[in-house]
Amino acid sequence: MSSLSDMPAMVEILPLGGFDHPLTYGAKPSLYETLQIGSLVRIPLGVRRIIGIVSSLSPNHSPPLDKLRFVSTLVQPEPVLSEELVDLAKWVSNYYASSLENTLGAMIPASVRDGMNAKTRKMIEVVSLPQPEVEQLLKRSPKQLQAYSLLSQQRGKKMDAVSCGKEHQISMAIIDGLIKKGLVRKSMDEVNREAYADQWSEEVADIVDALRVLTSEQKIATDEICEDLSKGKFSARLLQGVTGSGKTEVYCQAMEKVLGEGGGVLFLVPEVALAPQTVDRLRARFGTRGEQVVVWHSHLSAGERLDAWRRLVKGEARIVVGARSAVFAPVQNLRLIVVDEEHEQAYKQEDSPRYHGRDVAVYRAYLNNCMCLLGSATPSLETAHNVDCGKYKKSTLSQRIDGRELPLVHLVDMRRETLKQKKAPVLSQQLVEALRQRYENREQSILFLNRRGFNTTMFCTECGEVVQCKDCSIAMTYHRTDHYLHCHLCGYRKPAPRVCANCKSIEINRRGQGTQRIEDVVESVMPRRAKVVRVDADVMTKKNLFREILRDFRQGKIDVLVGTQMIAKGLDFPKVTLVGVIDADLPLRMEDFRASERAFQILVQVAGRAGRGDRAGEVFVQTYAPHESCIQFARRAELDEFLEDELAMRKELKYPPYRHLVRHVFRGRGEEKTRFYAEQWRKKLDSSNLSGIEVKGPAATPLAKMKGYYRYHLFYLTSNVQKCLLKIYANKMDFPMDKEIIDFIDVDAYQVS
Ligand code: ADP
Ligand code: ZN
Ligand code: ZN
């Protein structure tokens, strides 16, 4: 008879592989001892072997069931999720309507899931023994004796076996011989594959020197934040500071306090490649005194990511800087989460799980009873609203450092420019002149282009009017096939107008203009020796190219930098005195209710790139809609006024942040079929009781066909996401959906195409 201790213990496991509920497995005593909640294990499932996460352990030995299957192996020695992260995973998958499996997949790096091992290297160290003993041991091996005396010069030092062998021309066989005889001690050290380790920039020195006295506003903000931190409770605070007001220094002050008390920090940026200066500053500030700063981004190799992950789990590193997925990084004793540029749409993930990095950050802070600090010069309407209703607190930095002026902003009316030049030009005369002037003065310029949409909307180059849906107040999309305009939110259609409804002009335009290569245009108007460089999406895919361009620009080797969003963010170049915005009102022609917010944010952020040094900056904003309130507010840098105006508009239309926007997409190979099921679904919803939910659509998505799939979507506006999702799930139970049609839900949707 077997003794009780040989009996298997039972464990509950969340399998990663098609199941969304825990399964029970047995574990042999020796294996059971090594398991913890959150451990990653390999289990048999049917004929497959898959991985899963231990979600509960029961030490009660129960008699083995006939069919009980056993955990095969433990994949990682450390648990891959803490209890806190298991809770976060559950919340994310509930709130964002994603499977637990997808959520866990996003939280645990693939290299960790696959059980990849840390890379090690062989280290050796000479053992000190009395001379006669050494001679005795090596009496018959003169080569080993010679090697030993060479190595003895490095007594007391741990050396890499391979490079040491090379240096002294000692073969590995001889070293192994010495190890065997106990004259050299061997150990295996984990090698740390650290991204960007080689890239401590030249500026580091200045940055460290730059530890100066806080301005009085910085001091007040720091005190307010430290007071929150001292309470050791959940809090969320907006740090609203104009561009160049020194927000980063305030983050650093808060980090100092947290690190000083043994806590961990998560620092989120919209996109790591766009924040090299922030990474450098944090490394310079905290790295030099032994704090490891882990950089977490999508370009990490599997090995780098594994190492970063292990250093965090073991608590060796306590600071993580990363883009949205870093919000799940296993920082120990998390006390502070910083979300820099919190208004950035890049925080929203557009694949399942479709989470918003900022909102998950706030929830994670809540789970940890710690602080979430949201920073921006142009807060999102969501955050502004949360401040208004008292959910978030606010600290303000209203002045630029050293009292530098915000740049002077000129609006260039492109309607007049078009009349003057008899065509819609890329660059206005005023901007060309300003560019040449800067070049002569040996000053630098930045030209900013908005990213174009995929589709066509209509606007009047005479008066700037954009054709909008009467119900939804968003730009309508032009469809070539039937010459109709469609509202992609509610599905309303009307024939494309021939004259402008506002000014009766026939200059109602449905093509995007300015498709020439912009840097060619700039080069053609500048003196021959001027250096013009364009930063585009291609540049970003090459690992270090962007950093190199930024370095060249900083060193004055580039006169004009041309680019999209990626040069609007966080860059700080003292010699830039001119910023030109080629198409400021382009966002207003996008079919998005956030159009004004977007246009305002981009203008203010871009303008903030000018005049960061001793010389004042100037900004030229080219627009067909100088009368639009968001452009006027941006010109005068009136943030509070803009927020108030825009919030009132959103409130009237009951758009976010006054209600949540849930998007429901139907996707299929056949257009008819896809539309049919979307319409049937709408009918089903209409026949059920949907109190508190406003349904819009179905409508074709603006980009009607994508990767061979037709797409139709509906929108639900609701003040309670949970209730809304439950209603959808309930209706889906008896909805006869075609097998070829796939649907997905996007909670708090940003992308509306
Ligand atoms: P923001 O993020 O608010 O746009 P930054 O944090 O980039 O502003 O700061 C702008 C510049 O001011 C940086 O060059 C920074 O080193 C500098 N700076 C920050 N705080 C101070 C201070 N207290 N005294 C002097 N310079 C400062
Ligand atoms: Zn008009
Ligand atoms: Zn509409």
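The rules behind each value
Residues numbered from 1 in each chain as written. Chains lettered and ligands numbered in written order. Predicted model: local features only at pLDDT ≥ 70, side-chain atom pairs only at ≥ 80, totals over all residues. Heavy atoms only, no water. Core = buried A, V, L, I, M, F, W, Y, C linked by side-chain atoms within 4.5 Å. Buried < 20%, exposed > 50% of the residue type's maximum accessible area, 1.4 Å probe, protein only. Helix = DSSP H or I, 4+ residues; strand = E, 2+ residues; numbered from the N terminus. Contact = heavy atoms within 4.5 Å. Near = heavy atom within 4 Å. Polar contact = N/O pair within 3.5 Å; in protein donor to acceptor, adjacent residues only side chain to side chain. Areas by Shrake-Rupley, 256 points an atom, 1.4 Å probe, with all protein chains shown as cover. Nonpolar A, V, L, I, M, F, W, Y, C, P; charged D, E, K, R; others polar. Donors = N, O, S within 2.8 Å, 3.2 Å for Na, K, Ca; no water. Tetrahedral: all angles 85-135°; square planar, octahedral: opposite > 155°, others 65-115°. Phe/Tyr/Trp six-rings, centres within 6.5 Å; stacked < 30°, edge-to-face > 60°. Lys NZ or Arg CZ within 6 Å of the ring centre and 35° of its normal. Axes fitted to C-alpha atoms, helices over the stretch in contact; angles between N-to-C directions. Parallel < 35°, antiparallel > 145°, perpendicular 65-115°, else oblique. Left-handed = near helix turned anticlockwise from the far one by under 90°. Pairing = 2+ DSSP bridges. Salt bridge = Lys/Arg side-chain N within 4 Å of Asp/Glu carboxyl O.

Q: A description of the nonpolar core should follow, citing residues and the corresponding values.
A: A general tendency of soluble globular proteins is for nonpolar side chains to be buried together. Core analysis: the biggest nonpolar cluster contains 74 residues, and Leu81, Leu104, Met107, Trp296, Val360 and Tyr716 have the highest contact counts within it. In terms of residues, this core owes the most to one element, helix α2 (residues 83-95), which gives seven residues. Each residue touching Val360, except ones within four places of it in the same chain, is listed here: Leu88, Trp91, Val92, Tyr96, Val327, Phe328 and Tyr355. Core analysis: the next-biggest nonpolar cluster, separate from the first, contains 42 residues, Val533, Met566, Val579 and Phe642 among them.

Q: So what's going on with the site of ligand 1? Residues and values would help.
A: Around ligand 1, a shell composed of 17 residues is seen, among which Arg212, Val213, Gln218, Gly244 and Lys247 lie nearest. At 2.8 Å from a nitrogen atom of ligand 1 is found a main-chain nitrogen or oxygen belonging to Val213. Between an oxygen atom of ligand 1 and a main-chain N or O atom of Ser245, the distance comes to 3.3 Å. Taken by itself ligand 1 offers 560 Å² of open surface, and the protein chains cover 83% of this. A total of three residues in the shell around ligand 1 trace back to one element, the largest contributor, which is helix α11 (residues 247-260). Across the shell around ligand 1, the residue classes break down as four nonpolar, seven polar and six charged.

Q: How would you explain helix α15 (residues 381-388) if you had to name every residue and give the values?
A: Given 3.6 residues per turn, any residue in an α-helix points the same way as the ones three and four places further on. Most of α15 is tucked away, with seven of its eight residues classed as buried. Buried within α15 we find Leu381, Glu382, Thr383, Ala384, His385, Asn386 and Val387. Buried residues along α15 sit against β9 (235-241), α14 (357-367), β14 (371-376), β15 (393-397), α21 (595-607) and α23 (639-653). Positive phi shows up at Gly390, right after α15, with a value of about 85°.

Q: Report on the coordination of the zinc ion (ligand 2), specifying residues and quantitative values.
A: Those donors, Cys460 (SG), Cys463 (SG), Cys500 (SG) and Cys503 (SG), are the protein atoms that reach the zinc ion (ligand 2), and they lie 2.3 Å from it. For the zinc ion (ligand 2), the four donor atoms are set out with angles of 105 to 113° between them, so the coordination reads as tetrahedral.

Q: Got a sec to walk through the packing of aromatic side chains? Specific residues and values, please.
A: Inspection of the entire model under this criterion finds 16 aromatic pairs. Taking 4.1 Å as the distance between ring centres and 5° as the angle between the ring planes, the aromatic pair formed by Trp91 and Tyr363 counts as stacked. One end of the pair, Trp91, is in helix α2; the other, Tyr363, is in helix α14, with 272 residues separating them in the sequence. Ring geometry for Phe666 against Trp681: centres 6.4 Å apart, planes inclined by 50°, an arrangement best described as tilted. Taken together, the residues Phe666 in strand β27 (residues 660-668) and Trp681 in helix α24 (residues 671-687) connect sequence positions 15 residues apart. As far as the burial class goes, Phe666 and Trp681 line up, both buried. Three or more aromatic residues joined by ring pairs make a cluster, and in this case those are Trp91, Tyr95, Tyr96, Phe234, Tyr363 and Tyr366. Sitting above the plane of the Phe70 ring, Lys28 keeps its charged end 4.8 Å from the centroid. The residue whose ring lies beneath Arg305 is Trp296, and the NZ or CZ to ring-centre distance is 5.4 Å.

Q: Which residues make up the packing of α24 against helix α25 (residues 721-733), and what are the values?
A: Close contact between α24 and α25 brings their axes to 11 Å; oriented N to C, the two are set at 110°. Overall, the two elements α24 and α25 adopt an arrangement that is roughly perpendicular. In terms of crossing hand, the pair formed by α24 and α25 is right-handed. Between α24, through Trp681, Lys684 and Leu685, and α25, the contact on the second element is made entirely by Ile728, Asn731 and Lys732.

Q: Please give an account of the packing of α11 against helix α12 (residues 276-287) that cites residues and values.
A: The N-to-C vectors of α11 and α12 enclose an angle of 35°; their axes lie 11 Å apart at closest approach. Considering only the axes of α11 and α12, their crossing is right-handed. Here α11 contributes Thr248, Glu249, Cys252, Gln253, Met255, Glu256 and Leu259 to the contact with α12, which in turn contributes Arg281, Leu282, Arg285 and Phe286.

Q: An account of the coordination of the zinc ion (ligand 3) is requested, with residue identities and associated values reported.
A: In this structure, Cys469 (SG), Cys472 (SG), Cys487 (SG) and Cys490 (SG) serve as the protein donors to the zinc ion (ligand 3), at separations of 2.3 Å. For the zinc ion (ligand 3), the four donor atoms are set out with angles of 105 to 114° between them, so the coordination reads as tetrahedral. Each donor residue of the zinc ion (ligand 3) belongs to the same chain, with the gaps between them written as C-x2-C-x14-C-x2-C.

Q: Quick rundown of the sheet that holds β27? Include the residues and the values.
A: Reading across from one edge, β28-β29-β27-β30 is the order of the four strands in this open sheet, with antiparallel pairing throughout. Each edge of the sheet is formed by a strand with only one pairing partner; in this case those strands are β28 (693-706) and β30 (742-747). Here the average twist between neighbouring strands, direction ignored, is 20°. Strand direction decides the pairing type here: β28 and strand β29 (residues 709-718), joined by eight bridges, are antiparallel. Residue Ile693 lies in a different strand from β29, and its bridge partner there is Thr718. The strands touched by α25 within the sheet are β27, β28, β29 and β30, with β30 carrying the most contacts at an inclination of about 170°.

Q: Residue-level account of the pattern of salt bridges, with values.
A: Under the definition given, this model contains 36 salt bridges. Note that Lys393 is salt-bridged to Asp228, the shortest N-O span being 3.1 Å. Note that Lys393 is positioned in strand β15 and Asp228 in helix α10 (residues 216-231), a separation of 165 residues in sequence. A relative accessible area of 36% means that Lys393 is categorised as partly exposed. Linking Lys348 and Asp746 is a salt bridge whose minimum nitrogen-to-oxygen distance equals 2.5 Å. Taken together, the residues Lys348 in the loop between β13 (334-339) and α14 and Asp746 in strand β30 connect sequence positions 398 residues apart. Neither Lys348 nor Asp746 differs from the other in exposure class; each is buried. A network of salt bridges, in which partner residues are shared, links Glu224, Asp228, Arg237 and Lys393.

Q: A description of the sheet that holds strand β11 (residues 293-296) should follow, citing residues and the corresponding values.
A: Spatial strand order, β11-β12-β10-β13-β14-β9-β15: seven strands in an open sheet with parallel pairing. One side of each edge strand has no neighbouring strand; the edge strands of this open sheet are β11 and β15. The average undirected angle you get between the axes of adjacent strands in this sheet is 20°. Across the sheet, α12 touches β10 (264-268), β11 and β12 (319-322), and the angle it forms with β11 is around 160°.

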